[in-house]
Amino acid sequence: MKHQIATNPDQSKRLLACGVDPDSADMLLYNNALSVQVRGLGKIPECATPAWSLSALLEVMPKHLEDFPLTKWYPPFIEDEIWEMDIPNVLNGDVKLYSNGTKWIVDYDWDGFNGTLPQSENPIEAVVLAIELLHANGYTLNTK
């Protein structure tokens, strides 16, 4: 089994598209080779792609959401595609990342949520999906 220790180039591109601050990355990718980065050192070289470890991604995620309106969702049985909800929901709760034995799931106590929680066989991908869903719903992510 291959373990992923940081975002791959595609995941990094998706995070940047969501407005995640590249300075929050704790690693850099140079031609698919990882290098540890000390945060806050300045501009990332053009030949490098920021990469986030799972712990760095969790620092970007909001720790708690209170009455956050959710109008977009992942419908059941449709992978990685965000849709508009017919009836909006509200998120209240602390962020949790857990495994159900086959998939990693990001949860904010989605009471009454009828869609699929952001989930993947890979914990990093599950968090990236959660960040994309929050961004699609208008959440401005923590940047520093």
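Residues numbered from 1 in each chain as written. Predicted model: local features only at pLDDT ≥ 70, side-chain atom pairs only at ≥ 80, totals over all residues. Heavy atoms only, no water.

## Overview of the sheet that holds strand β7 (residues 104–107)
Next up, step 1: Sheet architecture is open: three strands sit in the order β6-β7-β8, paired in antiparallel fashion. Here the strands that pair on one side only, and so sit at the sheet edges, are β6 (96–99) and β8 (119–120).
Next up, step 2: Looking at chain direction, β6 and β7 are connected through four bridges and run antiparallel. Looking at the pairing, K96 lines up with D107 of β7.
Next up, step 3: Most of the contacts of helix α3 (residues 123–136) go to β7, to which it runs at about 30 degrees, and overall it touches β6, β7 and β8. (Pairing = 2+ DSSP bridges. Helix = DSSP H or I, 4+ residues; strand = E, 2+ residues; numbered from the N terminus. Contact = heavy atoms within 4.5 Å. Axes fitted to C-alpha atoms, helices over the stretch in contact; angles between N-to-C directions.)

## A look at the packing of aromatic side chains
Next up, step 1: In this structure the tally under the stated criterion is one aromatic pair.
Next up, step 2: Summarising the aromatic geometry, the rings of F68 and Y139 are spaced 5.6 Å apart at their centres and angled 80 degrees between planes, so their arrangement reads as edge-to-face. Residue F68 is located in strand β4 (residues 64–73), and its partner Y139 is located in the segment after α3; the two are separated by 71 residues in the primary sequence. (Phe/Tyr/Trp six-rings, centres within 6.5 Å; stacked < 30°, edge-to-face > 60°.)

## Notes on the environment of I87
Next up, step 1: Within the secondary structure layout, I87 lies in strand β5 (residues 83–94).
Next up, step 2: Note on I87: relative accessible area 66%, which makes it exposed. (Buried < 20%, exposed > 50% of the residue type's maximum accessible area, 1.4 Å probe, protein only.)

## What about α3?
Next up, step 1: If you check α3, its first and last C-alpha atoms are 20 Å apart, about what 14 residues at 1.5 Å a residue would give, namely 20 Å.
Next up, step 2: Of all 14 residues in α3, 12 are buried; the element is thus mostly enclosed.
Next up, step 3: Among the residues making up α3, those that are buried are P123, I124, E125, A126, V127, V128, L129, A130, I131, E132, L133 and L134.
Next up, step 4: Two to three positions downstream of the cap, the backbone nitrogen of I124 sits 2.7 Å from a side-chain oxygen, assigning the N-cap of α3 to N122.
Next up, step 5: G138, located one to two residues past α3, shows a positive phi value of around 90 degrees. (Expected span 1.5 Å × (residues − 1). Polar contact = N/O pair within 3.5 Å; in protein donor to acceptor, adjacent residues only side chain to side chain.)

## A short note on the sheet that holds strand β2 (residues 33–36)
Next up, step 1: If you walk across this open sheet you meet the three strands as β2-β1-β3, and the pairing is antiparallel. Every interior strand has two partners, whereas the edge strands, β2 and β3 (48–51), have only one. Pairwise comparison of adjacent strand axes, ignoring direction, gives a mean angle of 35 degrees for this sheet.
Next up, step 2: Summarising the sheet, strand β1 (residues 27–30) and β3 pair through four bridges and their orientation is antiparallel. When the bridges of β3 are listed, L29 appears paired with T49.

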